[in-house]
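Remarks on the overall topology
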Amino acid sequence: MKNHIKENRERLGLSQGKLAELCGVSRQTINAIENDKYDPSLQLAFDLARTLGLTMEQCFIPKGRDDS
């Protein structure tokens, strides 16, 4: 799953560490998600979208769909 977490995190001026803290995960988890090395659980995906003030569709792009 592709995502727009990094762009939106940076737009808000959040570090990976701060976003991780707000979502209750490690900075390494945020890094892995941003680098497409880890797909978050559904709960974490919702937490990320909510924390970034976005919808799930604005944060994540299913594989095979290229809206980037």
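Placed above this text is the structure.
Residues numbered from 1 in each chain as written. Predicted model: local features only at pLDDT ≥ 70, side-chain atom pairs only at ≥ 80, totals over all residues. Heavy atoms only, no water.

What follows covers the packing of helix α2 (residues 16-23) against helix α4 (residues 42-52). Taken N-terminus to C-terminus, the directions of α2 and α4 make an angle of 115°; their axes are 10 Å apart at the nearest point. Crossing hand, α2 versus α4: right-handed. Listed contacts from α4 to L19, L22 and C23 of α2 are L44, D47, L48, T51 and L52. (Axes fitted to C-alpha atoms, helices over the stretch in contact; angles between N-to-C directions. Helix = DSSP H or I, 4+ residues; strand = E, 2+ residues; numbered from the N terminus. Left-handed = near helix turned anticlockwise from the far one by under 90°. Contact = heavy atoms within 4.5 Å.)

This brings us to the packing of α2 against helix α3 (residues 27-34). Put simply, α2 and α3 touch, their axes get as near as 8 Å, and they point 110° apart. If you check the angle between α2 and α3, you find them roughly perpendicular. Residue-level contacts link Q16, G17, L19 and A20 of α2 to R27, I30, N31 and E34 of α3. For the contact of α2 with α3, the residue count by class is 3 nonpolar, 3 polar and 2 charged. (Parallel < 35°, antiparallel > 145°, perpendicular 65-115°, else oblique. Nonpolar A, V, L, I, M, F, W, Y, C, P; charged D, E, K, R; others polar.)

Further remarks concern α2. Residues of α2 that are buried: Q16, L19, A20 and C23. The arc that holds every buried residue of α2, seen down its axis, measures 100°, which confines them to one face. Turning to α2, the residues buried within the fold contact α1 (5-11), α3 and α4. (Buried < 20%, exposed > 50% of the residue type's maximum accessible area, 1.4 Å probe, protein only. Arc of directions from axis to C-beta.)

Turning our attention to the pattern of salt bridges. Side chains that differ in sign of charge can pair as their charged atoms come close. Overall, the coordinates contain 4 salt bridges when judged by the stated rule. In this structure, R9 and E10 form a salt bridge, with 4.0 Å as the shortest nitrogen-oxygen distance. Take E10: its relative accessible area is 46%, and that puts it in the partly exposed class. Notably, a salt bridge pairs K18 with E21, separated by 3.5 Å at the nearest N-O pair. Taken together, the positions of K18 and E21, both in helix α2 and 3 residues apart, correspond to about one turn of that helix. We classify K18 as partly exposed; its relative accessible area is 35%. Three or more residues are tied together by salt bridges with common partners; here these are R9, E10 and E34. (Salt bridge = Lys/Arg side-chain N within 4 Å of Asp/Glu carboxyl O.)

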